[in-house]
Amino acid sequence: MTDTTETDTTETTPRQIVIFDTTLRDGEQSPGASMNLAEKMEVAQALVDLGVDVIEAGFPIASPGDFEAVREIARSIRGSVICGLARCREADIDRAWEAVQHAEQARIHVFLATSAIHREFKLKMDKDEIIRRAVAGVQRAFGYCSNVEFSPEDAARTESDFLCRVVEAAIDAGATTVNIPDTVGYATPAHMHKVIANLRNRVPNIDKAVISVHCHNDLGMAVANSLAAVEAGAGQIECTINGLGERAGNCSLEEIVMALRTRQDYFRADTRIVSRRLVPTSRLVASVTGIHVQRNKAIVGQNAFAHEAGIHQDGMLKERTTYEIMRPEDVGFAMTDLVLGKHSGRAALADRAANLGYHLTAEQLDHVFEEFKVLADKKKEIYDGDIAVLIEQQIRAVAEQWSLESYRVTSGTGRAPEVSLTLRHGAEEFSTQMACGDGPVDAIFLAIEELTGFSVVCKDFHVHSVTVGKDAQGEVLVQVEYQDRLYRGRGVSTDSVEASAKAFLNAINRIAAVSNGGQA
Ligand SMILES: [Zn+2]
């Protein structure tokens, strides 16, 4: 596996690898991770700040919502190439162009499956037909824009000779990037290396395009497979923040970027990524999607840099590099969790917000500052985590059809909880009193269902504290199912029952926004 490329041997400048982020397209396809327009815009801006080269903003023909999100991102986000996905069909490609055409730099990404199993069962096309379709698709995209990416879907399981033919034809038709997806997460590092090396050795026009990889993590090897592809000469990696994506997810951006940077001695390749933005971006995506990263997640997990073992701590105190291959501050862990309090002013809050990576308008800052004052009355020390949730509530507020006015619940052993609840819907208030449920949280959920008329199935519920201390704010995340779709909700309060009620209402409001109105 040491096929050194010509450019690799020049000691001084590492080869630049293009980072193609697909958090907003492939990542968003993971169940329960769907984002609204405001959330997508926030993530897109964070990706630009992170230094991502290409942002795949969505699949415009998939739905009007997808189209609108890609178009808005293309219109207003500057600093990265904005890409839209399309199947090899005229309507798809036209729609993708319509969405990305106003980008500072636009890319159309067309894909068509090439493996035998996809040809036979999904597309029912023979090899020649596949080539014709691929060429026609790339040509149509190239007619609109000179930056065209082509993906032979399920490339990792495609016969080597046929893959070479398709890639050569796509490049001839105008593809400037050819992406090799391991759609089902089937490859291993040695296999992936062979696939890429084979293309470089056998496709005559391969130097006219950048070779890319898109690896899924079904066997836990997406990052390793992507690194093997880079070693074999790939120049672009497709990845997502936190490895978000369907099933076991995609290649994780933070891991691949830090692997290349930490082992530059070996790979002689680097990226444009501003690594100190990794942790803030990871937090933003986790909070927007409600999908948190595990504590021991490489690079961005809460414990990624925690040294507990005594012998390690001893070594660390003497010399950090004994047990540390990266510095926590390099990936964006704050050295000090600065504490704000009651007497902190608007400027201090603005400063923290900027450090945490948020872009607030003056008006948003005013609202967050008001909330901050209310919170500062309830708890003495306000940490970064507290500020982050205040801001996120502000910038990602779903249109609140239903809001919590007041609640009272009494519960105890051996009797059903009694709940009285008042909700606001527009100018009207609705109240109910009932004795029901299995504990105070369940009782409130039932009362909310009764008042709003939405009956849902609660699929997931968890509470965790945003920061440390007895007066910490509790964050509740719920996931509910309504008419076969998953919706999530999030609520924060120093009172965990209230946080639960807010989270449940937040989910109901998301449902109401989609179904256009409650049924009060
Ligand atoms: Zn994928």
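Residues numbered from 1 in each chain as written. Predicted model: local features only at pLDDT ≥ 70, side-chain atom pairs only at ≥ 80, totals over all residues. Heavy atoms only, no water.

Coordination sphere of the zinc ion, protein contribution only: Asp-26 (OD), His-214 (NE2) and His-216 (NE2), at 1.9 to 2.2 Å. Here the donor residues for the zinc ion map to a single chain with the spacing D-x187-H-x1-H. With Asp-26 in the loop between β2 (18-21) and α1 (37-50) and His-214 in strand β8 (residues 210-215), this pair connects stretches of sequence that are 188 residues apart. Assigned by exposure class, Asp-26 and His-214 land together as buried. (Donors = N, O, S within 2.8 Å, 3.2 Å for Na, K, Ca; no water. Helix = DSSP H or I, 4+ residues; strand = E, 2+ residues; numbered from the N terminus. Buried < 20%, exposed > 50% of the residue type's maximum accessible area, 1.4 Å probe, protein only.)

For the protein, per-residue confidence averages 89 on the pLDDT scale, and 93% of positions sit at 70 or higher. Across residues 4-9 the pLDDT falls below 50, and counting only partners more than four positions away or on other chains, this stretch makes 11 contacts in the model. (pLDDT = per-residue confidence, 0-100. Contact = heavy atoms within 4.5 Å.)

This paragraph deals with the side chain of Thr-271. Here Thr-271 lies in the loop between β10 (269-270) and α11 (278-289). Of the polar contacts made by the side chain of Thr-271, one reaches the backbone nitrogen of Ile-273; its length is 3.3 Å. Ignoring sequence-local partners within four residues, the contact set of Thr-271 consists of Gln-16, Ile-17, Ile-19, Val-257, Leu-260 and Arg-261. (Polar contact = N/O pair within 3.5 Å; in protein donor to acceptor, adjacent residues only side chain to side chain.)

Moving on, we come to the sheet that holds β8. Here we have 8 strands rolled up into a closed barrel, ordered β2-β3-β4-β5-β6-β7-β8-β9, and parallel in their pairing. Across this sheet, the average inter-strand angle for adjacent strands is 25 degrees, counted without regard to direction. Two strands pair when backbone bridges link them, and strand β3 (residues 54-58) and strand β4 (residues 81-87) are joined in this way by 4 bridges, in the parallel orientation. Each bridged residue has a counterpart across the sheet, and for Gly-58 the counterpart in β4 is Gly-84. Across the sheet, helix α8 (residues 222-231) touches β7 (177-182), β8 and β9 (236-239), and the angle it forms with β8 is around 165 degrees. (Pairing = 2+ DSSP bridges. Axes fitted to C-alpha atoms, helices over the stretch in contact; angles between N-to-C directions.)

The nonpolar side chains of a soluble globular protein tend to be buried, and buried together. Counting residues in each nonpolar core, the largest one holds 115 residues, and the members touching the most others are Ile-82, Val-110, Phe-150, Val-167, Ile-196, Ile-237 and Leu-253. For Phe-150, the contacting residues outside a window of four places in its chain are Cys-88, Val-110, Leu-112, Ala-134, Val-138, Val-166, Ala-170, Ala-175, Thr-177, Val-178 and Asn-179. In terms of nonpolar packing, the next biggest core, distinct from the first, is built from 28 residues, Leu-451, Ala-501, Ile-508 and Ile-511 among them. (Core = buried A, V, L, I, M, F, W, Y, C linked by side-chain atoms within 4.5 Å.)

Attention now moves to unusual backbone geometry. Phi is positive for Arg-268, close to 50 degrees, though the residue is something other than glycine. Locating Arg-268 in the fold gives a position in the loop between α10 (264-267) and β10. Not every positive phi belongs to a glycine, and Gln-483 is a case in point at roughly 45 degrees. Tracing the sequence through the fold places Gln-483 in the loop between β15 (474-482) and β16 (485-493).

Take the packing of aromatic side chains next. One pass over the full model with this rule turns up 9 aromatic pairs. Arranged with centres 6.0 Å apart and planes meeting at 70 degrees, the rings of Phe-445 and Phe-461 form a pair that is edge-to-face. Of this pair, Phe-445 sits in helix α16 (residues 440-452) while Phe-461 sits in strand β14 (residues 457-465), placing them 16 residues apart in sequence. Looking at Phe-445, the relative accessible area reads 8%, which means it is buried. The exposure class assigned to Phe-461 is partly exposed, which follows from its relative accessible area of 33%. (Phe/Tyr/Trp six-rings, centres within 6.5 Å; stacked < 30°, edge-to-face > 60°.)

Turning next to the pairing of strand β12 (residues 415-425). Alignment of strand β11 (residues 402-412) against β12, held across 9 bridges, turns out to be antiparallel. Within β12, the position partnered with Tyr-407 by the bridge is Leu-421. Direction of pairing for β12 relative to strand β13 (residues 428-435): antiparallel, over a ladder of 8 bridges. In the strand pairing of β13, Ser-420 is matched with Gln-433. The antiparallel pairing of β12 with β13 creates a hairpin that spans 2 residues between the two strands, and Gly-426 there sits at a positive phi of about 65 degrees.

The 3 strands lie next to each other as β11-β12-β13, forming an open sheet whose pairing is antiparallel. In the strand order of this sheet, the two ends are held by β11 and β13, each with one partner. With strand direction ignored, the average angle separating the axes of adjacent strands in the sheet is 10 degrees. Packing of α16 onto the sheet brings it into contact with β11, β12 and β13, and relative to β12 it is tilted by some 40 degrees. Helix α17 (residues 496-515) contacts β11 and β12 of the sheet and is inclined by roughly 135 degrees relative to β11.

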